[in-house]
Each structure stands twice: as structure tokens, then as C-alpha cells.
Amino acid sequence: MTSYTVRDWVYIAVFGALWGALELTLGAYLHVLFPPLANTFFTGLIMAGIGALIALVGRTFVPQTGAVLFIGIITALLKVLSLGGVKIGPVVAILAEVILMELALLSKASPARWRYVLAGALAVTWNFFHKFVMMRLLYGQGISEVYVKMVKEGSHTLGLDVRQAVAIIVVLFLLRVAVGAVAGWLGWDLGRLVARRLART
Amino acid sequence: MTSLRSRLNAGSYLAFLVWALVLVALLPDSHLGPLLALVVAFGWLTGRGGLQVLASRRLWMFLLSTLAVTPFILGEADVRWGLLRLSRDGLETGFWMALRAATLMLAFGVSVAALSLAQMMHLFDRLGLRGLGFALGVALNLGPTLHDTVEAAYHTLRLRGGLRRPIQTARLFLITVVANALRYGDDVVQAASARAFDPAAGTGRGEPALGRADRAFIAGLAALGVGLLLAG
């Protein structure tokens, strides 16, 4: 931690504040726009993609181990300290995403585009598991019965085979991987574009 | 009441949150009642601010919707109520699910309500993360500046007809916002440097992160947790 300069901490604050501001404005707006059941598919996916993009741009300006984690902690704390009720879900999601991104970026080698793509993909992929983890935490064992019942009734109502349900789940998972990878790719480019604009390369 | 709050620091509230999370995940349904009672009691003893969650319409809608839906989707329907066929097992399962969710949300509300910005910064300072506390303070004060930056960038692009080319405009918008935010960050760096701020020189060094009351509180939490788990 001693290698962090004042500039590093201020930049961490800037990117944490940017992500936090988006969570508090766009995130709240999307939660109103989409019904709660659709959150996993739209709100979480969009917010995770944008969050990963901002955190990875921040990593370009603070090329230190732990920078993305600190950006996420600042974002989570802004979310906690803001008005508007209990927000345990988004806080858990933000922290899980930054930990996954940090793991992907954990290397002494100079940063590479593929690491950003991997970090973005891992971060947004968390969105797929998030609902299951939160449901398990909030509802306990009972949630497994809900899922089994929903899958059975869903496959019966839609006339779908259970194997097709698995295929749909795989597609949803791959969609998250793709969105995260794009966020990582754009994060790499955007960071360099801004650095060039500020004449820092 | 306030004496307990003044004796505990942020570390205790974070420990309480982790303790509640672990117990909610591990305890059997039948032991959730005592855990909820402990969470409510702690919230009451530390100033009742965290219990304001109980006045939230959103929380009650969430809990009541869980209770209302589960008799229809869980278990075998064994009760007929007019045209509706309900399951007693489903209702019971729904009750435990709602209790678990309420416990977790209250624990989160109680812990967060007790944590002030100053306490968090003090905690980071004592943990040797003075820079993180500083960054949190900067981030909290950046809000209005970011708002102005975003607004100025958006209106500039809009007035120049940027909305006709949405992808290129989005790219320009992002670059402008991030670049301007970083320029503002440079001003903050200069101001901090002028005041000889050093993120590595923690003022709280030498002081323990947890006081005697905190250690006693955390030991008590651990004992209560083990007791609840063993009783299960």
C-alpha cells in the first residue's frame, strides 16, 4: 500500500465516484424501468458491464495491484452511504465483481488487452451466479424447491424439454461472458484514448 | 443506549454484520427467531437508527409478497380456500424464507446506520489504509462536480448535433467525462500536496484497530454464534 501516491488515491476516488454515480442514477432508473424479476437479465447485466468498463479504465490510470478492488470498495461505500433503503444485493455484486477483476489482473507483467477482456468477462459472469447466491442467502434452503418447481412448470407450460432449458441457461451464461469481454476490450481502448487526450502516453 | 454506541467503533459493526451473515447462512430455520431478536435488540441498543428499515414499505412488500406467493408454488396443495388451492407446507416454508430475509436486511440496516463517514475513515486509518479513507472523502465530495461535468459534456454534444451519431457521441461523451474528471482530480492532488498530505503516514498508527470494548463485544458475538449453532 505504501507504493500508492496521493494521485493514485485521488484517481481511485474519481473512478469510484463515477461508478457510484452511475449506480445511484442509472442503476436506480433501470430498477424502476424493469420489473424485479427481470433484474438478472437487464439491470444487473447492464450495470455490471458499465461498472467493469469504468473500473478497468481506472486500472489504466492506477496501474497497481489492488486498484480495481479499491475502486469497487469506494463504489460500494458510496452505495451504502447514499439514501434509499437496504441495498445488500448491489453491494455484494460490486465487491464480487472487483475481486474477480483483481484476480484476472493479478500479474507482475505489464498489462495486456487479453487480461482486461478476461477481467471484464469474469466480472460480468458473476451476474449469472449473483441471483442464486443472494437467493440462497436471503431465502435459505427453500429457494431450491422454488427453482425446481419453476423449471418443471416452465418446461411443462412452454412445452420445452428440460435439455432445452439447460441450453437456454448456457446461452444466458455465454451472453454475460460476451458482454464482459466487450466491456474489458472497450476499457482497454477507452483508457488509452483518455490518456492520449490528456497527453499521458 | 448511546453509551454502547460510543464505546464500539466501526470494526464492531462490521463484525456484527459478518456474524449475522454467517449465522443466517448456517442456522436451521427453527433458530432464526432468536437470531432476529438479537439483531433487533442490538439495533435498539445502538440508537434505533438501523431499525428504521422496519418502517420501509419496500421491506414489507418484499416480505409479504414472499408469504403470499409461496403457498401457491411450494408443496402439495392441501387446503381449499374458495377457488384457491393452497399448501400449508408452502406457507410454512414461505414464513421461514421471509424471516431469514428480514433478519439479513435488519442486520445490514443496523450495521450501516451505525457507521458514519468519520468512523469509516478512522477505521481505514487504523488499518493502515489512510489513503482509502482519503479517497472515500474525495469521492463523496466529487458528486456535484461530476454532475456538472456530465451535464456540460451532454449539452455540448447535443447542441453540436451529436445525437444523430449515437455510437460516436457515446464514445466522445465517455472520453470527455473521464478526462474532465481526471483533470479535476489533478486539482485535488495539488491541493492535497500543498497541505503535505501523506497517505502512508497514518495518524492512528500505534493505536489498536479494536478497543477493549470491541474485543469483548466480538468475543461475545462469537460465543453467542457458537451457542446458537450448537443448539441447532
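Residues numbered from 1 in each chain as written. Chains lettered and ligands numbered in written order. Predicted model: local features only at pLDDT ≥ 70, side-chain atom pairs only at ≥ 80, totals over all residues.

## Notes on the interface of chain B and chain A
On the chain A side, the residues contacting the 48 residues of chain B number 41 residues. For the side of chain B that touches chain A, the secondary-structure elements that each account for two or more residues are helix H2 (10-26), helix H4 (57-73), helix H5 (88-114), helix H6 (117-126), helix H7 (130-159) and helix H8 (166-194) of chain B. Tallied by class, the residues present in the side of chain B that touches chain A amount to 37 nonpolar, 8 polar and 3 charged. (Contact = placed C-beta atoms within 7 Å. Helix = DSSP H or I, 4+ residues; strand = E, 2+ residues; numbered from the N terminus. Nonpolar A, V, L, I, M, F, W, Y, C, P; charged D, E, K, R; others polar.)

## Focus on the confidence of the model for chain B
Residues and elements named next belong to chain B. When pLDDT is averaged along chain B, the result is 83, and 94% of the positions lie at 70 or above. The lowest-confidence element of chain B is helix H1 (residues 2-7), averaging 67 in pLDDT; the highest-confidence one is H8, averaging 91. Model confidence for the complex: the whole-complex pTM is 0.79, and ipTM, which rates the interface, is 0.84. (pLDDT = per-residue confidence, 0-100.)

## Concerning the domain arrangement of chain B
Per the domain assignment, the segments of chain B are domain 1 (2-116 + 208-231) and domain 2 (129-194). Computed over C-alpha atoms, the centres of domain 1 of chain B and domain 2 of chain B are 39 Å apart. (Domains from an automatic or database assignment.)

## Quick notes on the packing of helix H2 (residues 43-61) of chain A against helix H3 (residues 67-81) of chain A
The axes of two packed helices give the description: the angle between them and the distance between them. Residues and elements named next belong to chain A. Taken N-terminus to C-terminus, the directions of H2 and H3 make an angle of 130°; their axes are 9 Å apart at the nearest point. Judged by the angle between their axes, H2 and H3 are oblique. Where H2 crosses over H3, the two elements pack in a sense that is right-handed. Seen from H2, the contacting residues are Ala-55, Gly-58 and Arg-59; seen from H3, they are Ala-67, Val-68, Ile-71 and Gly-72. Considering only residue class, the contact of H2 with H3 consists of 4 nonpolar, 2 polar and 1 charged. (Axes fitted to C-alpha atoms, helices over the stretch in contact; angles between N-to-C directions. Parallel < 35°, antiparallel > 145°, perpendicular 65-115°, else oblique. Left-handed = near helix turned anticlockwise from the far one by under 90°.)

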